[in-house]
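Next come the chains, spelled out residue by residue.
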Amino acid sequence: MTPQGDLPIAVVGAGPVGLAAAVHLLEQGLPVKVYESGSGVASNLRDWAHVRVFTPWRYCIDHAARKLLEAHGWHMPEPEAFPTAGELVEHYLEPLAGLPELAPVIETGARVVGISRWGADKVLSNARGTRPFMLVVETANGTRRDSARAVIDASGTWQMPNPLGAGGIAAEGEAENADRIAYGIPDILGRDRALYAGRTTLVAGSGHSAANALLDLARLADAEPGTASIWVTRGTDLVRIYGGGDADALPARGELGADVRELPESGRVSLVTGFATVAIRAQENRLIVEGETAGGLRQVGPVDRIIAATGQRPDLSLTRELRLDLDPWLEGVKALGPLIDPNEHSCGDVPPHGHRELSHPEPDFYTVGIKSYGRAPTFLLLTGYEQVRSVAAALAGDMVSADAVQLVLPETGVCTVPSSSLGDASKGCCGGPAAKEADACCVADAEAKAVGKGGCGCGVAA
């Protein structure tokens with residue numbers, strides 16, 4: 001067996017965070033191997049290439065990656081411009097992956113389907129940490145087993161969408177009608193236009209993916225008569241999607257929330273809140289969606305298509321034979337769970353964290369990127385870049401640098417507020433007109449951040 005010191009560090013996933021991990025590892029002088037299941041890097045971003053992100057270029061690029069690119073003559077796009085996911089791939093990730101330092105260590109069309117230790121399942125403890133990792137890799141040429149000294153899982157969650165069923169399990173009839181259900185953010189104004197033009201679409205979800213889909217459907221309706229949409233959400237409080245408006249440090253994010261809020265208020269979209277989907281039934285070549293509500297079972301429709309913008313979840317089958325410590329309901333790394341729980345937090349502002357929080361009982365295995373958040377939807381690229389910087393330093397043995405974690409995230413202008421204010425999105429903490437208790441929340445929020453703590457949970461105590 002090859003000595004562990006001669007083995008590479010495996011990075012699973014060649015998206016923005018996975019490629020940044022490779023850059024930081026190479027900067028530390030460590031051997032690295034990056035596995036990407038798609039035919040090109042950042043295959044997940046290519047699925048929603050048409051969507052413009054709400055973070056400007058300056059928040060989308062890892063500093064070490066930028067330094068390496070600029071050494072090869074690359075010029076950063078306008079820092080305050082807002083790229084689409086496709087532009088991120090074309091102008092940043094593809095040039096990065098093509099550099100002579102990175103290109104030889106990236107393998108595309110290589111799907112990691114299982115990770116374990118050579119000769120040891122998760123039960124065996126004796127000398128466990130001395131055994132190299134074993135990665136089962138599927139390629140067009142067959143399946144092979146590779147060895148690694150350490151593993152950084154940056155595989156993301158995009159390929160594991162949540163079902164429509166509000167209980168976390170596919171709704172009755174969901175599989176049978178899958179040909180008329182799109183998960184994520186379809187290209188409504190582009191390649192998928194013919195599927196939605198002149199038809200009625202139900203959009204399920206209360207996050208930014210749902211907002212983008214609804215706004216695209218509204219634009220399509222302006223050009224294509226007969227195009228209509230119905231918006232259903234499981235919750236009744238939409239403050240998280242409507243956002244903090246002008247108080248948001250990311251103006252595009254605040255604008256997205258304000259624009260989607262206008263749709264039901266103006267009558268352009270029919271909104272049904274408090275709707276927990278339980279069944280999808282075909283009726284004369286259309287679909288009826290059934291859901292539990294406070295008033296009992298309700299039917300919505302008929303509709304022609306459904307967009308399930310209900311979020312994603314991590315693929316836990318990949319690491320079944322490893323000893324991981326996961327949050328019991330978010331399924332992200334356990335240390336982050338209480339800090340990003342969407343039941344309590346709306347803005348995703350978390351304290352600085354690095355290799356210690358991202359590690360597991362399995363030595364030298366780390367979960368990073370959006371997968372570290374599990375089912376929580378509030379991840380920002382800045383978070384992932386600082387995560388992998390810290391992890392790379394720890395793997396190199398530079399614990400001073402690894403522990404010197406710094407993370408400053410842009411404010412949303414929205415915090416969790418007392419239940420008395422939840423019915424009115426305008427009373428969100430730090431976001432618009434606020435009651436006295438919300439003002440106190442904003443003060444507490446600012447004070448917490450001033451000493452390096454994460455705010456946005458302050459309203460619970462206010």
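Further up the page is the structure itself.
So, here's what we can say about the structure. Only a predicted model underlies this, so the values are computations on that prediction, with no experimental measurement involved. (Residues numbered from 1 in each chain as written. Predicted model: local features only at pLDDT ≥ 70, side-chain atom pairs only at ≥ 80, totals over all residues. Heavy atoms only, no water.)

## A word on the sheet that holds strand 8 (residues 181-183)
Within a sheet, adjacent strands bond to each other through the backbone by hydrogen bonds, running parallel or antiparallel. Our working definition: Strand pairing is defined by DSSP finding a minimum of two bridges between the two strands. Under the scheme used here, helices are H or I runs from DSSP no shorter than 4 residues and strands are E runs no shorter than 2 residues, and both carry numbers assigned from the N terminus. An axis is simply a line fitted to the C-alpha atoms; with a helix, the fit covers only the stretch in contact. Between two such axes, the angle follows the N-to-C directions and lies from 0 to 180 degrees.
Read across the open sheet, the five strands follow the order 8-15-9-10-11; overall the sheet is parallel. Of all the strands in the sheet, the pair left with one neighbour each is strand 8 and strand 11 (270-272). Taken pair by pair, the neighbouring strands of this sheet meet at an average axis angle of 20°, ignoring direction. Bridge count for strand 9 (residues 200-204) against strand 10 (residues 228-232) is five bridges, and the pairing is parallel. Considered in strand 10, the bridge of Leu 202 is made with Ile 230.

## Describing the sheet that holds strand 16 (residues 365-367)
With parallel pairing, five strands are arranged side by side in an open sheet as 3-2-1-7-16. The outermost strands of the open sheet, each flanked by one partner alone, are strand 3 (106-108) and strand 16. On average, each strand axis in the sheet is inclined to that of its neighbour by 15°, with strand direction left out of account. By the bridge criterion, three bridges tie strand 2 (residues 32-36) to strand 3 in an arrangement that is parallel. Residue pairing for strand 3: Glu 36 is matched across the bridge by Thr 108.

## Regarding the environment of Ile 115
Let me state the cut-off plainly: Residue contacts follow a heavy-atom distance rule, with two residues in contact if any of their heavy atoms lie within 4.5 Å.
Looking at the secondary structure, you find Ile 115 in strand 4 (residues 111-117). Ile 115 sits 31 residues away from Asp 146 along the chain, and the two C-alpha atoms are 9.6 Å apart. In contact with Ile 115, not counting residues within four places along its chain, are Val 12, Phe 133, Met 134, Leu 135, Val 151, Leu 318, Thr 319, Glu 321, Leu 322 and Phe 365.

## Overview of the packing of helix 1 (residues 16-27) against helix 4 (residues 63-71)
Inclusion rule: In what follows, roughly perpendicular refers to angles from 65 to 115 degrees, roughly parallel to angles under 35, roughly antiparallel to angles over 145, and oblique to any angle outside these ranges. As a working rule, the residues Ala, Val, Leu, Ile, Met, Phe, Trp, Tyr, Cys and Pro are called nonpolar, Asp, Glu, Lys and Arg charged, and the rest polar, with Gly in that last group.
Remark: helix 1 packs on helix 4, axes separated minimally by 8 Å, with the N-to-C direction vectors making an angle of 75°. Taken together, the axis directions place helix 1 and helix 4 in an arrangement best described as roughly perpendicular. Touching Val 23, His 24 and Glu 27 of helix 1 are His 63, Ala 64, Ala 65, Lys 67 and Leu 68, all from helix 4. Along the lines of polarity and charge, the residues of the contact of helix 1 with helix 4 split into four nonpolar, two polar and two charged.

## Some thoughts on helix 5 (residues 85-97)
Two residues of an α-helix separated by three or four positions point the same way, owing to the 3.6 residues in each turn. Where we set the bar: Values of bend correspond, residue by residue, to the angle between axes fitted over the seven residues ending at that residue and the seven starting there. Three exposure classes are used, based on accessible area relative to the maximum for each residue type with a 1.4 Å probe and protein chains only: buried under 20%, partly exposed in between, and exposed over 50%.
Along its length, helix 5 reaches its greatest deviation from straightness, about 25°, at His 91, and the proline Pro 95 lies no more than four positions downstream. Among all positions of helix 5, only Ala 85, Leu 88, Val 89, Tyr 92, Leu 93, Leu 96 and Ala 97 are buried. Looking at the buried positions of helix 5, the neighbouring elements they touch are helix 1, helix 2 (43-47), helix 3 (57-60), helix 4, strand 3 and helix 12 (381-395).

## Observations concerning the pattern of salt bridges
Basically, it comes down to this: Any Lys or Arg side-chain nitrogen found within 4 Å of a carboxyl oxygen on Asp or Glu counts as a salt bridge.
All chains considered together, the criterion is met by 21 salt bridges. Among the ionic pairs, Arg 46 bridges to Glu 94, the shortest N-O distance being 2.9 Å. On the criterion of sequence distance, the pair formed by Arg 46 in helix 2 and Glu 94 in helix 5 is long-range, its members being 48 residues apart. Looking at Glu 94, the relative accessible area reads 35%, which means it is partly exposed. Among the salt bridges present, the one from Glu 70 reaches Arg 66, with a minimum N-O distance of 2.9 Å. Placement of the pair is Glu 70 and Arg 66 together in helix 4, with a separation of four residues, close to one helical turn. The partly exposed category is assigned to Glu 70, whose relative accessible area is 38%. By sharing partners, the salt bridges in this structure join Lys 33, Glu 107, Arg 144 and Asp 146 into a single network.

All quantities given are derived from atomic positions and should not be read as evidence of function.
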